[in-house]
Amino acid sequence: MMSLEPDPKTTPTSPCVFITGVTGFVGGTILSCLLKAHPNFRVKALIREERDAKELQSVYSNLTPIIGELSSLSLLISTAAEADFVIHAGGDNVPAVCAMIDGLASRATAGSPMPRLISLTGPRSLIDLSNPITGNLSASSRPWSDITDAHTILNVPEDRMHAGADQAIVAHSTAKGVGTMLVSPGQLWGQGKGHLKKESNAAFYYATVKSRGRAFVIGEGTATWSWSSIGDLGDAVVFLMEQALKSGSERCGQVGVNRDGYYFVRTGDLSMMERAKAVSERLGLGEVESVSVDAAREIHPFGPIMWGCGERTRSDKLLELGWRPKEADWKALMEEGEGERA
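So, here's what we can say about the structure.

## Some details on the environment of M100
Tracing the backbone shows M100 in helix α4 (residues 94-105). Taking the relative accessible area as the measure of exposure, M100 reaches 0% and is therefore buried. Excluding residues within four positions of it along the chain, M100 makes contact with F18, T20, L76, A80, V86, H88 and L117.

## With respect to the sheet that holds strand β3 (residues 63-67)
Strands sit in the order β3-β2-β1-β4-β5-β7-β11 across an open sheet of seven strands; the sheet is parallel. Each edge of the open sheet carries a strand with a single partner, namely β3 and β11 (262-265). The average undirected angle you get between the axes of adjacent strands in this sheet is 20°. In this structure, strand β1 (residues 16-20) lies alongside strand β4 (residues 85-88), joined through four bridges in parallel fashion. In the sheet register, T20 faces β4, and the bridge partner there is H88. Against the sheet, helix α8 (residues 230-245) touches β1, β4, β5 (115-120), β7 (179-185) and β11, its axis set at about 165° to β5.

## Some remarks on the pattern of salt bridges
Two side chains carrying opposite charge are able to pair once their charged atoms lie near each other. Tallying each qualifying case throughout the model produces 14 salt bridges. E82 is the salt-bridge partner of K44, the closest N and O atoms lying 2.7 Å from each other. Taken as a pair, K44 in strand β2 (residues 42-47) and E82 in the loop between α3 (73-81) and β4 lie far apart in primary sequence, 38 residues in all. A salt bridge links R212 to E289; its shortest N-O distance comes to 3.1 Å. One end of the pair, R212, is in helix α7 (residues 202-212); the other, E289, is in strand β13 (residues 289-291), and 77 residues separate them in sequence. R212 gets classed as partly exposed once you look at its relative accessible area, which sits at 35%. Salt bridges here are not isolated pairs; linked through shared partners, they connect R266, D269 and R314.

## Re the packing of helix α1 (residues 25-37) against α8
The angle between the axes and the distance between the axes are what describe a pair of packed helices. Where α1 meets α8, the closest approach of the two axes is 8 Å, and the angle between their N-to-C directions is 55°. Of the possible angle classes, the one that applies to α1 and α8 is oblique. Of the two possible hands of crossing, α1 and α8 adopt the one that is right-handed. Of the residues in α8, those in contact with F25, V26, T29, I30, C33, L34 and A37 of α1 are I230, G231, L233, G234, D235, V237, V238, M241 and E242. When grouped by side-chain class, the residues that make up the contact of α1 with α8 number 11 nonpolar, three polar and two charged.

## Side note on the environment of C33
By secondary structure assignment, the location of C33 is in helix α1. With relative accessibility at 11%, the residue C33 sits in the buried group. C-alpha separation for the pair C33 and N93, spaced 60 residues apart in sequence, amounts to 23 Å. Aside from chain neighbours lying at most four places away, what touches C33 is G231, G234, D235 and V238.

Criteria and cut-off values
- Residues numbered from 1 in each chain as written.
- Predicted model: local features only at pLDDT ≥ 70, side-chain atom pairs only at ≥ 80, totals over all residues.
- Heavy atoms only, no water.
- Helix = DSSP H or I, 4+ residues; strand = E, 2+ residues; numbered from the N terminus.
- Buried < 20%, exposed > 50% of the residue type's maximum accessible area, 1.4 Å probe, protein only.
- Contact = heavy atoms within 4.5 Å.
- Pairing = 2+ DSSP bridges.
- Axes fitted to C-alpha atoms, helices over the stretch in contact; angles between N-to-C directions.
- Salt bridge = Lys/Arg side-chain N within 4 Å of Asp/Glu carboxyl O.
- Parallel < 35°, antiparallel > 145°, perpendicular 65-115°, else oblique.
- Left-handed = near helix turned anticlockwise from the far one by under 90°.
- Nonpolar A, V, L, I, M, F, W, Y, C, P; charged D, E, K, R; others polar.

Keep in mind that these numbers describe shape and distance, not what the molecule does.
What follows is the structure, given as structure tokens:
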């Protein structure tokens, strides 16, 4: 483990947060938002490579790198046991998250589970791939609410993307008496706020259109995803952590955990056709082309899912607690920092 001299702004009583995934697009943004909002917090970050640790230390003076991997389960247990709160932004990794839950459980008290862990997930668990992919918004579809649909969301077939991991994490948290919150953003727009990785896979569609010389959709392109900016996601995670760390009387409302702890992060809804037209206009290309599912699969194995499916969500839980998104112009986010993303 690498360490620094204590930052003068931090004290032994400052809250300690353990975070994973900080070299990535999402985790790096959360780290930046966390230390911007709370420069006095003691933050420990799991980092695989020492060169990345040194780079991040040069930017964040009160960051303590923990050199290891998500497979270093004993390290995860012991580090989480010393933390007041844990944020996992390292993808679907059930053994790693369960190890951190075990660490937090060593400090759990009797009674209702206290909210102590946020794990990032995604709404692709809502996609029913037993239905044919058409690229079109179904007339019978409706937005998902993380309040009224909460239990349904955590009971979808476990073989769907994210679903098995979500359900296993909630079950382990419940068994160990630890309160876990699953944070689920839709499409993420904008430039990453972290120090290392600035772009997500949103750059792939733009690059594909650029190389093909024509924007495309599957079917009519009315398939629609909810979206938020990457900055608003980072702020939402920090906001939820803040609410969790407050005493019950100080909170803006009830912070649900485990079976009641699934939180969407959403600003608006955007169809594939709207995205395609925006890219086409920016690059000065012609009309948007409609391609088949097979043609999309030839472009990328996951093309049909990326460009032909969509689910609309509503972040009712966060809104009820008082969180509000700040960045609502998706076209500005598409070009933020001269980026090429869609």
